[in-house]
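Per-entry structural report
Each chain is listed here by its residues.
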Amino acid sequence: MRFYLVLVIFVLAAGCGGAANNSAVNQNNANKKTHEPLPTSTYEVVKSYPHDPNAFTQGLVYRDGFLYESTGEEGESTLRKVELETGKVLQKYPLPRDVFAEGIAIMGDNVYQLSWRNRTGWVYNLSDFKLLREFRYSGEGWGLTNDASNLFLSDGTHIIRVLDPESLQTVRTIVVKDESGRPLMKLNELEYVNGEIWSNIWHSEEIGKPNYIARIDPNTGSLIGWIDLGNISLDDQSGPEKSENTLNGIAFDAAANRIFVTGKNWKKIFEIKLKPK
């Protein structure tokens, strides 16, 4: 009897060990799937255009042949209409000196603009920058874009808020995580491109991806891929005094499928074409 009891215990232990091993293998396989590298694109510069080096770019939008730009820093924050080919500022709206302006978006005939820490945004008439209304939000304002139905607001975290353009209230949130399932923090300037949200990551070199743009699924928050814009404008980013002169400006010309990028205080705006890395 003792022999049979020992035999039964041995068989059960072997079975449990096998199950544990199978569980470990399945978990390892799941981890491998989670950590598979995402597709990464690089770029080709199609053309470059002049950009005001005094413009601390916080938001950039293309509309009907012109660029609209939000510039930051207290005492220097503006909303601008810019001639693409020359970089000439055609129209400018200065914000109060205590405002640090952030992202912008255009929907219909309205321009929406955020502030960094004032918890206040503004809606302007596109044609003359006449201020139409103010709106409030909690936390910080970083980037802003839209899909023609809703606004998408980043606040420096891994959360993107979806706002109703009329009430300007949050209707849902998008949680963005990296390849490892960790929160992708410091989502900054946003642009809606062919059904995706593209986001600058503030100081993306801190996550080992200098001057990378994240491509995000707006429905799930899943990271779709990366765009490596390394070395695109070295003269604008070299030296310790230029530590804040990071990539921060994406504009999309949907009609011609053109992409424009720039950075804070950069001397050029670059029209780029993506290609596999």
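Residues numbered from 1 in each chain as written. Predicted model: local features only at pLDDT ≥ 70, side-chain atom pairs only at ≥ 80, totals over all residues. Heavy atoms only, no water.

1. A few points about the overall build of the protein chain
Threshold: For helices the rule is a DSSP run of H or I covering at least 4 residues; for strands it is a run of E covering at least 2, with both sets numbered from the N terminus onward. Here the term buried applies to any residue with accessible area under 20% of the maximum for its type, exposed to any over 50%, and partly exposed to those in between, with areas from a 1.4 Å probe on protein chains only. Only the protein chains shown count as covering a residue, and every accessible area follows the Shrake-Rupley method with a 1.4 Å probe.
Of the regular secondary structure elements, the protein chain holds 1 helix and 20 strands. Buried positions account for 46% of the 277 residues belonging to the protein chain. Total accessible area on the protein chain is roughly 13700 Å²; 53% of this is exposed by carbon and sulfur atoms.

2. A closer look at the layout of surface pockets
What counts, and what does not: The rule is simple: put a 1 Å grid over the protein atoms alone, call a set of points where a 1.4 Å probe fits but cannot get out a cavity, call an open set with protein on both sides within 12 Å along at least five of seven lines a pocket, and count a residue as lining if it has an atom within 4 Å of a point. Grid points are joined across faces, edges and corners, and a volume is the space filled by probe spheres set on the points. For this scheme, ten residues count as nonpolar: Ala, Val, Leu, Ile, Met, Phe, Trp, Tyr, Cys and Pro. Four count as charged, namely Asp, Glu, Lys and Arg, and the remainder, Gly too, count as polar.
The calculated volume of the largest pocket comes to roughly 350 Å³. Lining the largest pocket we find 17 residues, and of these Tyr62, Glu191, Tyr192, Phe252 and Ala254 sit closest to its centre. Among the elements of the structure, β2 (57-63), β6 (101-107), β10 (144-146), β14 (187-193) and β18 (247-253) are those that each provide at least two residues to the lining of the largest pocket. Residues belonging to the lining of the largest pocket are distributed by class as follows: 10 nonpolar, 3 polar and 4 charged.

3. Quick notes on the confidence of the model for the protein chain
The following threshold applies: Looking at any residue, its pLDDT shows the predictor's confidence there, from 0 to 100. We call two residues in contact whenever any of their non-hydrogen atoms come within 4.5 Å of each other.
On average, residues of the protein chain score 88 in pLDDT, and 84% of them are at 70 or above. Scored below 50 in pLDDT, residues 1-33 makes 0 contacts in the model with residues more than four places away or belonging to other chains.

4. Let's talk about the sheet that holds strand β19 (residues 258-263)
Rule in force here: Paired strands, in this sense, are two strands between which DSSP finds at least two bridges. Only the contacting stretch of a helix is used when fitting its axis, a line to C-alpha atoms as for every element, and angles between N-to-C directions run 0 to 180 degrees.
Here 8 strands make up an open sheet; going across it, the order is β14-β15-β16-β17-β1-β20-β19-β18 and the pairing mixed. Both edges of this open sheet fall to β14 and β18, since each of them pairs with a single strand only. Taken pair by pair, the neighbouring strands of this sheet meet at an average axis angle of 35 degrees, ignoring direction. The pairing of strand β1 (residues 40-50) with strand β20 (residues 268-276) spans 9 bridges and is antiparallel. Pairing of threonine 42 across the sheet is with lysine 275, part of β20.

5. Some points on the sheet that holds strand β8 (residues 120-125)
Consider a sheet: its strands pair through backbone hydrogen bonds, and that pairing is either parallel or antiparallel. The sheet built from 4 strands is open, its strands ordered β6-β7-β8-β9 with antiparallel pairing. The sheet is open, and its two edges are formed by β6 and β9 (131-136), each paired on a single side. Sheet twist, expressed as the mean angle between neighbouring strand axes with direction ignored, is 20 degrees. Bridge count for strand β7 (residues 110-115) against β8 is 5 bridges, and the pairing is antiparallel. By the bridge assignment for β8, leucine 114 is matched with glycine 121.

6. A closer look at the environment of glutamate 140
Operational definition: Between N or O atoms, a polar contact is any pair within 3.5 Å; within protein, one atom must be a potential hydrogen donor and the other a potential acceptor, and residues adjacent in sequence are included only when both atoms are from side chains.
Along the polypeptide, glutamate 140 turns up in the loop between β9 and β10. Of the residues examined, glutamate 140 reaches a relative accessible area of 23% and is grouped as partly exposed. Filtering out sequence-adjacent residues up to four positions away, glutamate 140 remains in contact with Trp116, Arg117, Leu153, Ser154, Asp155 and Arg161. Side chain to side chain, glutamate 140 and tryptophan 116 meet in a polar contact 3.1 Å long. A polar atom in the side chain of glutamate 140 sits 3.2 Å from the side chain of arginine 117.

7. A closer look at the pairing of β19
Burial analysis of β19 places 5 of its 6 residues in the buried class, the great majority of the element. In terms of strand pairing, β18 meets β19 through 5 bridges, oriented antiparallel. Directly across from alanine 251, in β19, lies its bridge partner phenylalanine 260. Of the strand pairs in this sheet, β19 and β20 are connected by 3 bridges, and their pairing is antiparallel. Residue pairing across strands places valine 261 opposite phenylalanine 270, the latter belonging to β20. In textbook terms, the turn of a hairpin is the stretch between consecutive antiparallel strands, and for β19 and β20 this stretch comprises 4 residues, one of which, asparagine 265, has a positive phi near 65 degrees.

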